[in-house]
Amino acid sequence: MSEPALASAAPAHLLCVVAARPNLMKMAPILAALARQAPAVRVTLLHTGQHYDTAMNGQLFLDLDMRPPDIALDVGSGNHAQQTAEIMRRFDAVLDAWPPLAPDAVLVVGDVNSTLACALVAAKRGTPVIHVEAGLRSGDRRMPEEINRVLTDQLSSLLLTSEEGARANLLREGIAPARIHFVGNVMIDSLRQQLPRAIVPAATLRAHGHACPPAYGLVTLHRPSNVDDPAQLEALLQALGQLSARLPLLFPIHPRTAAGLRLAGLEAMLARYAIVCLPPLGYLEMLGLMQDARLVLTDSGGIQEESTALGVPCLTLRDTTERPVTVSDGTNTLAGTDPAAILALAQGILDTGGKRGRIPPLWDGHAAGRIAAVIAPWLAARRGTP
């Protein structure tokens, strides 16, 4: 057999990149779906190490039944420029060391610094990029994630979208229609698969030395605009404190938020309120807390989606969202960051039960299968494989 024939018979090699907590929830079902495409597709998993907490990172892999990464870059935290540059440097070195087994494509998910950094390195080397969760837009270029989303989509050869409005965003930005595929929300695949294993709130609270209130709200904060500015963080805490007089709040504190509280001298302020402070929690613990919450208050993109999938009212403590379908179809409301507005909206939810919403199209737990069904023939066509 000739050398070209041997090459074409080899499986396509896909390099999948993860970096931060939400990436893992998206990648776990994708890896499982791609495994069902073997031997036509061979997958290598690379973790950039952008995640803050290495112990929690390991717990997430266990919670999601996800195999350990094949390659770890161990980049760690840093400002946007430092982190993006270091990821690019280390990722480029990995690709340099690979020929002749270089990947046929690089798959990235979401909108973190690693997503853009790895997409940029791959594109400059002529390696096609596949972007899962393409086309999401907040319209707010002050958010670093918005820059990452826009640029990654421009670099990508294959763009897989999670909500219907993303296609119009991409077409406006000049992306060819043939490169766009609406596959649904793969994060909801993980939620549906793991929900039967969710840890009940009483067990989570007991493990951390607390009793579980009969009704509670769940709070998460980590956006720099909310937690790095002492005045902004204090105003949000005051609103949460007033709300906690009516509904006790559970508050798993992100490492960035913990640092903001410490630097602003606001740690003692939390003790004055009916707010239970918790360390960062595993995925199954968070699922249990979210499922039983009366109300979720967050600045996280993923939790906007998860609360909509669970039918739990959500207030997003931001002025914009890149996930508008959670507002138009789901249970999410943009609350902004004004304490009076947040309180009024929260009181309204407690009085009325909040928005009921509906599950958006293709948030059905089968997005990963659709992703694999697009990727496998696309890779085969690029390799000229029958």
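Look up a bit, the structure's there.
Calculation criteria
- Residues numbered from 1 in each chain as written.
- Predicted model: local features only at pLDDT ≥ 70, side-chain atom pairs only at ≥ 80, totals over all residues.
- Heavy atoms only, no water.
- Helix = DSSP H or I, 4+ residues; strand = E, 2+ residues; numbered from the N terminus.
- Buried < 20%, exposed > 50% of the residue type's maximum accessible area, 1.4 Å probe, protein only.
- Contact = heavy atoms within 4.5 Å.
- Disulfide = S-S within 2.5 Å.
- Pairing = 2+ DSSP bridges.
- Axes fitted to C-alpha atoms, helices over the stretch in contact; angles between N-to-C directions.
- Salt bridge = Lys/Arg side-chain N within 4 Å of Asp/Glu carboxyl O.
- Core = buried A, V, L, I, M, F, W, Y, C linked by side-chain atoms within 4.5 Å.
- Parallel < 35°, antiparallel > 145°, perpendicular 65-115°, else oblique.
- Left-handed = near helix turned anticlockwise from the far one by under 90°.
- Nonpolar A, V, L, I, M, F, W, Y, C, P; charged D, E, K, R; others polar.
- Lys, Arg positive; Asp, Glu negative; His and termini not counted.
- Polar contact = N/O pair within 3.5 Å; in protein donor to acceptor, adjacent residues only side chain to side chain.

Enquirer: Just give me the short version of the environment of proline 230, but keep the residues and values in it.
Expert: Residue position: proline 230 is located in helix H11 (residues 230-244). Exposure remark for proline 230: the relative accessible area of 44% places this residue in the partly exposed category. For the pair proline 230 and lysine 124, spaced 106 residues apart in the sequence, the C-alpha separation amounts to 40 Å. Excluding anything up to four places from it in sequence, proline 230 contacts Ala264 and Leu266.

Enquirer: Which residues make up the state of the cysteines, and what are the values?
Expert: Taken as a whole, this structure holds zero disulfides when the rule is applied. Unpaired in terms of disulfides, cysteine 16 finds its nearest cysteine sulfur in cysteine 118, a separation of 12 Å.

Enquirer: So what's going on with the sheet that holds strand E1 (residues 12-18)? Residues and values would help.
Expert: Strand order in this open sheet of seven strands is E3-E2-E1-E4-E5-E6-E7, and the pairing throughout is parallel. The open sheet terminates on both sides in strands that have one partner only, identified here as strand E3 (71-72) and strand E7 (180-182). Lying over the sheet, helix H4 (residues 80-96) contacts E1, strand E2 (41-47), E3 and strand E4 (105-109), oriented at roughly 160° with respect to E1. Seen against the sheet, helix H18 (residues 367-383) touches E1, E2, E4, strand E5 (129-134), strand E6 (158-161) and E7 and runs at an angle of roughly 175° to E6.

Enquirer: Give a description of the pattern of salt bridges that names residues and reports values.
Expert: For the structure shown, the criterion picks out 23 salt bridges. A salt bridge links arginine 323 to glutamate 133, with the nearest nitrogen and oxygen atoms 3.4 Å apart. Within this pair, whereas arginine 323 is found in the loop between strand E12 (314-316) and helix H16 (325-328), its partner glutamate 133 is found in strand E5, the two being separated by 190 residues in sequence. Comparing arginine 323 with glutamate 133 shows no difference in burial state: the two are buried. Several salt bridges share partner residues, and in doing so they unite Lys26, Asp111, Glu133, Glu146, Arg149, Glu305, Arg318, Glu322 and Arg323 into one network.

Enquirer: Describe the sheet that holds strand E10 (residues 275-278), naming the residues involved and giving the relevant values.
Expert: Read from one edge of the open sheet, six strands run E10-E9-E8-E11-E12-E13, paired in parallel fashion. Strands with a single pairing partner mark the edges of an open sheet, and in this sheet they are E10 and strand E13 (332-334). The mean inter-strand angle of the sheet, taken between neighbouring strand axes irrespective of direction, is 20°. One ladder, built from four bridges, connects strand E8 (residues 217-220) with strand E11 (residues 295-298); its direction is parallel. Pairing of threonine 220 across the sheet is with threonine 298, part of E11.

Enquirer: Go over the nonpolar core with me, naming the residues and quoting the values.
Expert: Leu14, Met27, Met66 and Ile375 are the most contacted members of the largest nonpolar core, which totals 63 residues. For methionine 27, the residues in contact, after removing those within four places along its chain, are Cys16, Val17, Val18, Leu45, Met66, Leu107 and Val109. Grouped together as the second largest cluster of nonpolar side chains are 28 residues, Leu236, Ile342, Ala346 and Leu350 included.

Enquirer: Explain the environment of alanine 38 residue by residue, including any values.
Expert: Tracing the backbone shows alanine 38 in the loop between helix H2 (21-35) and E2. Along the primary structure alanine 38 and isoleucine 375 are separated by 337 residues, whereas in three dimensions their C-alpha atoms are 12 Å apart.

Enquirer: Give me the lowdown on the pairing of strand E9 (residues 249-252), citing residues and values where you can.
Expert: Side chains Leu249 and Phe251 project from E9 onto one buried face, and the interleaved Leu250 and Pro252 project onto a second face that is buried too. Summarising the sheet, E8 and E9 pair through two bridges and their orientation is parallel. Within E9, the position partnered with leucine 218 by the bridge is leucine 250.

Enquirer: Which residues make up the packing of helix H5 (residues 113-124) against helix H6 (residues 144-155), and what values do they have?
Expert: Running from N to C, H5 and H6 cross one another at 25°; their axes reach a closest spacing of 9 Å. One element, H5, and the other, H6, form an angle in the roughly parallel class. Both H5 and H6 take part in a crossing whose hand is left-handed. Residues Asn113, Thr115, Leu116, Ala119, Leu120 and Ala123 of H5 form the contact with H6, whose participating residues are Asn148, Leu151, Thr152 and Leu155. Taken together, the residues of the contact of H5 with H6 sort by class into six nonpolar, four polar and no charged.

Enquirer: Break down the side chain of aspartate 63 for me, with residues and values.
Expert: Note on placement: aspartate 63 falls in helix H3 (residues 54-63). Of the side chains with opposite charge, arginine 197 comes closest to the buried, unpaired aspartate 63, at an N-O distance of 5.2 Å. A distance of 3.0 Å separates a polar atom in the side chain of aspartate 63 from the backbone nitrogen of tyrosine 283.

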